[in-house]
Amino acid sequence: MRRKLFVILLSFTLSQVNAQVKDVNTNETGEDYDTEMPESMRSNIESQYNIWLKKNLISFENDCMSTNKSPVVADSLIIDRLSRIPTVIEMPFNEEVKKYITRYANSLRTKVSFMLGASNLYVPTFEKALDLYNLPIELKYLPVIESALDPLAVSRQGATGLWQFMLTTGKKYGLKHNSLIDERRDPIKSTWAAVNYLKDLYDIYSDWNLVLAAYNSGPGTVNKAIQRAGGVKDYWKICKFLPKETRGYVPAFIAANYIMTYYCEHGICPMTNELPETTDTIQINRDLHFSQVAEVCKVDIEELRVLNPQYKKDLIPGNSFACSLSLPSQNVALFVNNEKTIFDYKSDELFTKRREVEVDKSETKTTHSSSRKAKVRHKVRRGETLGTIADKYGVSVSKLKKLNHIRGTKITAGKTLKIR
């Protein structure tokens, strides 16, 4: 009963956040200051919702008491809480930041619950990569505003995955893309690519708020805004010259860090899941189908899809290049000990693409229409007879005479005969 009520509540909440939201304020020059929420805050979470709901893994933590509405929090308390988050990136408070905190704490409460549950699966990978490159750990919440922690998220412009890479940028940072695989959806590989990209952007700007703006709209857009602002390199000074969504991007990032830290204080409970707490990665060097792994290793195929979202067709193209397969840790030994059985299982049924095909060259009976297209003519040379011409083309003399309306056997040099 509790699950049914939750699904009804979730469906209603998702319908409320589908609409695009804009806010218009007045900037210091008296012009309209139009901002737009990041797409992840406007769109629903359909693919993530389906992944979790299909496996019936949605539930709230037993020791967490959720509320239907966030308590009203004074600005001074939000300012104090923000100052207590241990960050390198500057996270000031202003009306724009407050607006996004309010949205997360109220109309997007269900989405926050989803993201808190998903963070257990993805955030450890983010933290590991950021720590290795000595980047601010608070960047682990960048995918919150990029994709709502949905590895299958695709923006209107085609940006894909947790870190929302465009195709060209993804390829620049080594992410493969073809009919079978999109490594922008790979939680591990896309994270390392994103960390490299963020590091490159910081080498340009030496200011993390400008890095965030450039991550959202591109370095060229940020450079133009800096120029229009007279060369000042302060996000809060140049944001009025940035696109609408980028104006809201840094405030949304600050709000994401706030709500992912202080969710309890707003009566939001994380959703829990039964996905494995620990996974291991196996290198695959042969074509492998998820069904082979699922049926031999007794792993739910939906779980394999959640752990390996980079594969579009349940097929790992190991014959093309080395690929990775993430498995629950308890299933790794079973896979390693039964590799041959797994690769051989139903291989003829699952892999039907032929490597070689013989061309059928046997003679076939042609239709009337095809015979018209294959007309053959012969120009009679001096000394040729109907018999020699018939032998040359493998037809009978009588057929030649009938096709060319010849009564006797005499033919004239230079005349063109129909052969078929």
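Here is what the cut-offs are and how they apply
- Residues numbered from 1 in each chain as written.
- Predicted model: local features only at pLDDT ≥ 70, side-chain atom pairs only at ≥ 80, totals over all residues.
- Heavy atoms only, no water.
- Helix = DSSP H or I, 4+ residues; strand = E, 2+ residues; numbered from the N terminus.
- Buried < 20%, exposed > 50% of the residue type's maximum accessible area, 1.4 Å probe, protein only.
- Contact = heavy atoms within 4.5 Å.
- Areas by Shrake-Rupley, 256 points an atom, 1.4 Å probe, with all protein chains shown as cover.
- pLDDT = per-residue confidence, 0-100.
- Salt bridge = Lys/Arg side-chain N within 4 Å of Asp/Glu carboxyl O.
- Arc of directions from axis to C-beta.
- Axes fitted to C-alpha atoms, helices over the stretch in contact; angles between N-to-C directions.
- Parallel < 35°, antiparallel > 145°, perpendicular 65-115°, else oblique.
- Left-handed = near helix turned anticlockwise from the far one by under 90°.
- Core = buried A, V, L, I, M, F, W, Y, C linked by side-chain atoms within 4.5 Å.
- Nonpolar A, V, L, I, M, F, W, Y, C, P; charged D, E, K, R; others polar.
- Pairing = 2+ DSSP bridges.

> Outline the overall build of the protein, listing residues and values.
Helix and strand content of the protein: 22 helices and 10 strands. Every one of the 420 residues in the protein was classed for burial, and the buried ones make up 46%. When contacts within the protein are restricted to residue pairs at least 6 apart in sequence, those whose partners lie at least 24 apart make up 69%. As displayed, the protein offers around 22600 Å² of accessible surface, 49% of which is attributable to carbon and sulfur atoms.

> So what's going on with the confidence of the model for the protein? Which residues, and what values?
For the protein, the mean per-residue pLDDT works out to 84, and 83% of the residues sit at or above 70. The low-confidence segment residues 1-31, where pLDDT is below 50, has 57 contacts with residues more than four positions distant or belonging to other chains.

> Before we move on, could you go through the pattern of salt bridges and cite the residues and values that matter?
A full pass over the atoms with the stated rule returns 12 salt bridges. Among the salt bridges present, the one from Arg84 reaches Asp80, with a minimum N-O distance of 2.8 Å. On the criterion of helical spacing, the pair formed by Arg84 and Asp80 is a turn pair, its members being 4 residues apart in helix H4 (residues 75-84). Lys99 is the salt-bridge partner of Glu96, the closest N and O atoms lying 2.8 Å from each other.

> Account for the environment of Ala322, with residues named and values stated.
Relative to the assigned elements, Ala322 resides in the loop between strand E7 (315-317) and strand E8 (323-328). A relative accessible area of 40% places Ala322 in the partly exposed class. A sequence separation of 38 residues divides Ala322 from Ile284, and the C-alpha atoms of the two residues are 5.9 Å apart.

> An account of the environment of Ile101 is needed here, citing residue identities and associated values.
With respect to the element layout, Ile101 can be found in helix H5 (residues 95-105). The class for Ile101 is buried, based on a relative accessible area of 2%. It is 8.3 Å that separates the C-alpha atoms of Ile101 and Ile254, two residues lying 153 residues apart in sequence. If we ignore the near neighbours within four places in the chain, the residues touching Ile101 are Ile78, Ala255 and Tyr258.

> So, the environment of Phe335: which residues are in play, and what are the values?
Mapped onto the fold, Phe335 is located in helix H17 (residues 329-337). Between the alpha carbons of Phe335 and Val296 there is a distance of 8.4 Å; along the sequence they are 39 residues apart. When near neighbours in sequence (up to four residues on either side) are disregarded, Phe335 contacts Ile282, Ile284, Leu288, Val293, Cys297, Leu325, Leu327 and Ile342.

> Which residues make up helix H21 (residues 386-393), and what are the values?
Three or more residues of H21 are buried, namely Leu386, Ile389 and Ala390. On an axial view of H21, the arc spanned by its buried residues comes to 100 degrees, and they lie on one face. In this structure, H21 carries Asp391 and Lys392 as exposed residues pointing more than 90 degrees from its buried face. On its buried face, H21 sits against strand E9 (377-379), helix H22 (397-403) and strand E10 (416-418). Backbone geometry just after H21 places Gly394 at a positive phi near 70 degrees.

> I'd like a description of the packing of H5 against helix H14 (residues 249-261), backed by residues and values.
Closest axis-to-axis distance for the H5/H14 pair is 8 Å, and the angle between their directions is 45 degrees. As judged from the angle between their axes, H5 and H14 are oblique. In this structure, H5 crosses over H14, and the sense of that crossing is right-handed. Contacts from Glu96, Val97, Tyr100, Ile101, Tyr104 and Ala105 in H5 reach Pro251, Ala252, Ile254, Ala255, Ala256, Tyr258 and Ile259 in H14.

> Any chance you could break down the nonpolar core for me, citing the residues and the numbers?
Residues Tyr104, Leu139, Leu142, Trp163, Leu198, Tyr215 and Val222 are the most contacted members of the largest nonpolar core, which totals 69 residues. Counting residues per element, this core draws most heavily on H14, at 10 residues. Contacts of Tyr104, omitting those with residues within four sequence positions, involve Met41, Arg109, Val112, Met115, Val144, Ile145, Ala252, Ala255, Ala256, Ile259 and Ile268. Counting residues in each nonpolar core, the second largest holds 19 residues, with Tyr311, Ile316, Leu325 and Ile342 among its members.

> I'd love a proper account of the packing of helix H15 (residues 290-297) against H17, names of residues and values included.
Two elements in contact, H15 and H17, have axes separated by 10 Å at closest approach and are oriented at 100 degrees. Between H15 and H17, the angle is such that the two are roughly perpendicular. Contact residues: Val293, Val296 and Cys297 in H15; Asn331, Leu334 and Phe335 in H17. Counted by class, the contact of H15 with H17 contains 5 nonpolar, 1 polar and no charged residues.

> Which residues make up the pairing of E8, and what values do they have?
For E8, the tally of buried residues reaches 6 of 6 residues, placing the bulk of the element in the interior. Inspection of the sheet shows strand E5 (residues 279-284) paired to E8 by 6 bridges, in the antiparallel sense. When the bridges of E8 are listed, Thr279 appears paired with Pro328.

> Tell me about H17, residues and numbers included.
Regarding H17, the residues found buried are Asn331, Val332 and Phe335. The arc enclosing the buried residues of H17, seen along the axis, measures out at 120 degrees, which places them on a common side. The exposed set on the far side of H17, more than 90 degrees from its buried face, consists of Gln330 and Asn337. Elements in contact with the buried residues of H17: E5, strand E6 (287-289), H15, E8 and helix H18 (339-344).

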